[in-house]
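Listed here are the chains, written in short residue letters.
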Amino acid sequence: MIYPIILILCFRIDRVLGWQGNLLRTQYALGIANTRQPTVLCAATEDGSDDDVLLEGNEEEYIYAPQSDDESFLSESETARQANELAAIGGNHIELQTEISNSFLQYALSIILGRAIPDARDGMKPVHRRILYAMDQLNLRPNTPHRKCARVVGEVLGKFHPHGDVAVYDALVRLAQTFSTNYPLIDGHGNFGSIDADPAAAMRYTEARLTSLSKEAILDELEEDTVDLVPNFDGNELEPNVLPAKLPILLLNGASGIAVGMATNIPPHNLRELMAGCEALIDSRLDGGHPVTDEKLFKLIPAPDFPTGAIIVGTSGAKQLYKTSNGGVVMRATTQMEEIVTKKKGTRTAIIVTQLPYQVNKAALLEKIAALVNEKKLDGIADLRDESDRDGIRVVIELKRDAVPQVVLNNLFKKTALQTTFSGNFLALFGGSNNEKSLVPQRFTLREALDSFIDFRFSTLRRKAAFRLSKVEARANIVNGLLLALKHVDWIIETIQKAQDLDAARKQIEDEIGLNAEQTDAVLKLQLGQLTRLNQEKLESEIRSLESSRQELQELLENDHTVYETMKTEFRELSVKFGRDRQSRILPEEDGEIDEVDLITNSRSVIVVTRGGYIKRMPLKTFESQNRGTRGKRGTSDSGTLESQVSQCFTCNDHDTLLMVTQKGVAYGLRAYQVPIATRTAKGQPIPQVLPIRSDEMITAVLPVSRFSDDEYIVLATEQGWIKKTALSSFEKLTTRGLIIATVEESDSLQWCQPCKDGDDILVGSAMGKAMRFEASKLRPTGRTSRGVKSMTLREGDRIAGFNVLSGGQAKLESEEYVLAVTSMGFGKRINTSEFRAQNRGGQGVIALHFKKGFEQDEMRCLQIVKEEDEILVITSKGVMVRQQVSQIPSQGRSATGVMVQKLDAGDQIVGVSIVPEMGENENEFEDAN
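Residues numbered from 1 in each chain as written. Predicted model: local features only at pLDDT ≥ 70, side-chain atom pairs only at ≥ 80, totals over all residues. Heavy atoms only, no water.

Draft legend 1. Highlighting the overall build of the chain. Scanning the chain for helices and strands turns up 25 helices and 43 strands. The buried share of the chain, taken over its 930 residues, is 47%. The contacts in the chain between residues at least 6 apart in sequence include a share of 71% that link residues at least 24 apart. Carbon and sulfur atoms provide 47% of the accessible area of the chain, an area that totals close to 44,300 Å². (Helix = DSSP H or I, 4+ residues; strand = E, 2+ residues; numbered from the N terminus. Buried < 20%, exposed > 50% of the residue type's maximum accessible area, 1.4 Å probe, protein only. Contact = heavy atoms within 4.5 Å. Areas by Shrake-Rupley, 256 points an atom, 1.4 Å probe, with all protein chains shown as cover.)

Here you go:
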């Protein structure tokens, strides 16, 4: 498809280029014809019509061109004819495929080597290198006044970087931004943009100069032959192919760039940590040094250090980046909770954001939060405002009064850029220490980057030593000549006075005294007064100093150990002068993970399961406390069908794990908040959409568990009186895939599931009003798949109607706990637990309830342990619920018939009773944590 595009472009420029355009178009047409690729051209006529003419050409290649009434216009058919004639002649022509391939390769290499990818040695792209070099040539030092950025950009464009001024100015601005660069290399004066992505002021308004770090640690040794100077784009100037950096700028300030087929994204790091890592690697190179393991290197450089601070969540991503050159570093905003005064003189909790993740646009972040709040995707936020100023960032997120701050914050981390990932990709140009032609793009690890910098610094130190040695030797030669001339100063003065010219004096002095040309020139350049005032003692002191310097420099050139020690000393000095504490705090991995449960408020809810296989969750605050004997609020739909009849209703906290047991002995694990929320009158969601249960299964018991402890058990009971005890910890890893927890006969049904300890008692009751109490410790723990043992002996037609665990057993016989008995016809009473004495398991039990006369078909539906201060929810088969105080139900003996607990409509009956729990221990812990 690229050939038609090129030809269409050629046709479009025809009217601009005239004959040259036609020739170019013909050449491209020839190139396409020679590639033997079918080509179709679509072009519009000058008058906008789309009439096409088939051009003559090869049998396999054909070209369409527009008609035109303008005789001066060279039609596409004429172009094709000329192309065919040229092809028939067999003259030289351009192979389009080869031309495009070669041109694109040259373009790609130019982008990779000259634009987008930084050099591993000095960590800079050419544009950054040229900006700093130009500013150094303009003497924009840290101790000089600022100069207009337009002056710098003009210098760079005119001498070194033949590209657009916008690209150069944008690169200059980034080098000066404290929120983009860890250690700014340019000291900007004026508006250089903001973290809100506001653009910098025009270059005619802003001013700049070099920072102390860029001058001392990057440009300081340029004049000492430490790097090669190469001709610029027009050959009129020289520029360094690399800067003699004393610091690993590639890692210090990071880099990012997109080239052809490759990209790089390197995060910034802390200077002190990098220097410590370099010293450790240098020590490993010295004689007797120990190799630096990855673990040791990662302790010295644990993670990037971003200029905006914030928090790094864990180090696993950074370690992967350092080892494989590719990895993600999770960043999180720094926040704190504050109590602020509202406009109405009240107080509210607010989340204060003081630091943002690297490269996060604050203005866009606030817009995103506001949009999520307006779309109801983020709850609990009452107000949002930006109070940032020149002293720092301060974003105030004011919360609603009923919001849980930690849950809101976790949702902000999950849904906004308050938590984001820096996707690192280590790629840079590697090659010879000063050979630009050998540079190639290469992925690298942290160790390879530091080793490359150390090798480069080693090379620059050697070159600097060689340069200084040549200067020292040249000066020593001059001083030796001056000392020799001092012995013949009178003769030299007389010779100069008598000589016909300077050349004659030079030749006579060289011949008589034995001075070389450099020494003779130094003597002749001295004025007569200077020559007579030469001090032999000073010259001898200088020659001794020069000899000492020569020996030191010679040592640097001959002894690698000396070079490495010099580097270590240099690193320590730079670390002391320019180093600073880490800006980004590292959060331990386990403290930084946000699970789904962390995003949910641990509220209290009512969960309803119907006989038709529907389930839903409702906030507990939906139901207000009512008096005994009222009809209550509807808690589910009343369609008069099986689907609407309530089979299970219980209250729990949203963070609890629900052990949902079927009648066949299979259990499923589900978090309470995963149950779909619905209104009071809604039917809910089909259970198969929430759990993968089979069509012949039905949820018969649900146990909310806050913590899976080792000293607790689960007691399971069936309608036919079978009971078993299994350790609670066996169900900790229970998931929605399900697990067999008991063997149940076809004629039986597993109905109850309760937690217990060895010191507890178990109370079971039958539908015919019998009850039995026995010690849980006498029930032997069994495996998950066992059937269990008999709990009590049932008469024919009887079944288990209630199952309870009494905490504390016999020790709590005189406590304020009661047994609540409720029948299907709405009658109920409280019975003191002391009236039920412990017996041996397997007996027939004692009478717990007498049924009222005229209600012989009545049966007991609830045998529940309650306290006087408890509240209960009474549920009917039609979904009507009554919430009332237990204290309103009278306490009676075992043989009493009870009182009316709830009025029932015709055909309705009680199906279940649930206790409304008080604020649990886990919920208090949750609030304390927030």
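Draft legend 2. Region of interest: the packing of aromatic side chains. Here the structure, examined in full by the defined rule, presents 11 aromatic pairs. Measuring from ring centre to ring centre gives 5.7 Å for Phe306 and Phe422, while their planes differ by 50°; the resulting arrangement is tilted. Of this pair, Phe306 sits in the loop between helix H12 (294-300) and strand S10 (311-313) while Phe422 sits in strand S16 (residues 419-425); the two residues are 116 residues apart in sequence, bridging distant segments of the chain. On the basis of relative accessibility, which here comes to 3%, the residue Phe422 falls in the buried class. Ring centres of Phe426 and Phe444 lie 4.9 Å apart, and the angle between their planes is 10°; on these two criteria the pair is classed as stacked. One end of the pair, Phe426, is in the loop between S16 and strand S17 (427-430); the other, Phe444, is in the loop between strand S18 (440-443) and helix H16 (446-487), with 18 residues separating them in the sequence. (Phe/Tyr/Trp six-rings, centres within 6.5 Å; stacked < 30°, edge-to-face > 60°.)

Draft legend 3. Summary view of the pattern of salt bridges. Going through the model one piece at a time under the given rule, you end up with 47 salt bridges. Asp119 is paired through a salt bridge with Arg121; the nearest N and O atoms lie 2.6 Å apart. Owing to a relative accessible area of 4%, Arg121 belongs among the buried residues under this scheme. Among the ionic pairs, Arg572 bridges to Glu279, the shortest N-O distance being 3.3 Å. Of this pair, Arg572 sits in helix H22 (residues 560-578) while Glu279 is found in helix H11 (residues 271-285), placing the two residues 293 residues apart along the sequence. We classify Arg572 as partly exposed; its relative accessible area is 40%. Assessed through its relative accessible area of 16%, Glu279 is described here as buried. If you follow the salt bridges from partner to partner, you end up with Glu338, Arg348, Asp383, Arg385, Glu387, Arg394 and Glu398 in one network. (Salt bridge = Lys/Arg side-chain N within 4 Å of Asp/Glu carboxyl O.)

Draft legend 4. How the structure looks around the environment of Cys862. Mapping Cys862 onto the fold places it in strand S39 (residues 860-867). For Cys862 and Val822, which are 40 residues apart along the polypeptide, the C-alpha to C-alpha distance reads 5.0 Å. The contact partners of Cys862, leaving out residues within four places of it in the chain, are Leu820, Ala821, Val822 and Val913.

Draft legend 5. Main features of the packing of H16 against helix H19 (residues 517-525). At a minimum axis separation of 9 Å, H16 and H19 run at an interaxial angle of 65°. The two elements H16 and H19 meet at a crossing, and its hand is right-handed. Contact with H16, carried on its side by Asn477, Ile478, Asn480, Gly481, Leu482 and Ala485, involves Glu518, Gln519, Ala522 and Val523 of H19 and no other residues of that element. Grouping the constituent residues of the contact of H16 with H19 by class yields five nonpolar, four polar and one charged. (Axes fitted to C-alpha atoms, helices over the stretch in contact; angles between N-to-C directions. Left-handed = near helix turned anticlockwise from the far one by under 90°. Nonpolar A, V, L, I, M, F, W, Y, C, P; charged D, E, K, R; others polar.)

Draft legend 6. Up close: the packing of helix H18 (residues 502-513) against H19. At a minimum axis separation of 10 Å, H18 and H19 run at an interaxial angle of 125°. With respect to each other, H18 and H19 are oriented oblique. Taken as a pair, H18 and H19 cross one another with a handedness that is right-handed. Residues Leu502, Arg506, Ile509 and Glu510 of H18 touch H19, and the partners they reach there are Ala517, Thr520, Asp521 and Leu524. Its residues placed into classes, the contact of H18 with H19 shows four nonpolar, one polar and three charged. (Parallel < 35°, antiparallel > 145°, perpendicular 65-115°, else oblique.)

Draft legend 7. Molecular detail of the confidence of the model for the chain. Taken as a whole, the chain shows an average pLDDT of 81; of its residues, 82% reach a score of 70 or greater. The secondary-structure element of the chain with the lowest mean pLDDT is helix H25 (residues 921-929), recorded at 35, while strand S5 (residues 207-210) shows the highest, at 97. A low-confidence stretch, residues 1-70 (pLDDT under 50), is modelled with 104 contacts involving residues beyond four sequence positions or located in other chains. Below pLDDT 50 for its whole length, residues 919-930 participates in 15 contacts with residues either more than four positions away or in separate chains. (pLDDT = per-residue confidence, 0-100.)

Draft legend 8. Broad picture of the sheet that holds strand S31 (residues 750-756). Read from one edge to the other, the open sheet built from four strands follows the order S31-S28-S29-S34, with strand pairing classed as antiparallel. Whereas interior strands pair on both sides, the edge strands pair on one side only; in this sheet they are S31 and strand S34 (789-790). Where strand S28 (residues 713-718) and strand S29 (residues 722-727) come together, five bridges link them in antiparallel fashion. If you follow Leu716 over to S29, its bridge partner there is Lys724. (Pairing = 2+ DSSP bridges.)

Draft legend 9. Just the sheet that holds strand S32 (residues 761-766), in detail. Read from one edge of the open sheet, four strands run S35-S32-S33-S38, paired in antiparallel fashion. Looking at strand neighbours, the two that pair on one side only are strand S35 (800-806) and strand S38 (846-847), the edges of this open sheet. Taken together, the two bridges between strand S33 (residues 770-775) and S38 define a ladder with antiparallel strand orientation. Bridged to Lys770 within S38 is Ile847.

Draft legend 10. Representation of H22 in the model. Between its first and last C-alpha atoms H22 spans 27 Å; for 19 residues at 1.5 Å apiece the expected length is 27 Å, and the two agree. Inspection of H22 places Val563, Tyr564, Met567, Lys568, Glu570, Phe571, Leu574, Ser575 and Phe578 among the buried residues, and these make up the whole buried set. Down the axis, H22 shows its buried residues gathered within 165° of arc, on one side only. Opposite the buried face of H22, by more than 90 degrees, sit the exposed residues Glu573, Val576 and Lys577. (Expected span 1.5 Å × (residues − 1). Arc of directions from axis to C-beta.)

Draft legend 11. Summary view of the UniProt feature "active site" (unreviewed entry) in the chain. Per the UniProt annotation, the sites labelled "active site" (unreviewed entry) are Tyr205. If you trace the backbone, Tyr205 turns up in the loop between strand S4 (186-189) and S5. Accessibility expressed as a relative area gives 53% for Tyr205, which makes it exposed. (UniProt positions renumbered as here; feature names shortened; annotations may be inferred.)

Draft legend 12. Quick look at unusual backbone geometry. The backbone of Ala197 shows a phi angle near 70°, a positive value even though the residue is not glycine. Tracing the backbone shows Ala197 in the loop between S4 and S5. Among the residues examined, Ala197 registers a relative accessible area of 52% and is labelled exposed. Positive phi values are uncommon outside glycine, yet Asp225 reaches one of about 55°. Among the structural elements, Asp225 can be located in the loop between helix H9 (212-217) and strand S6 (229-231).

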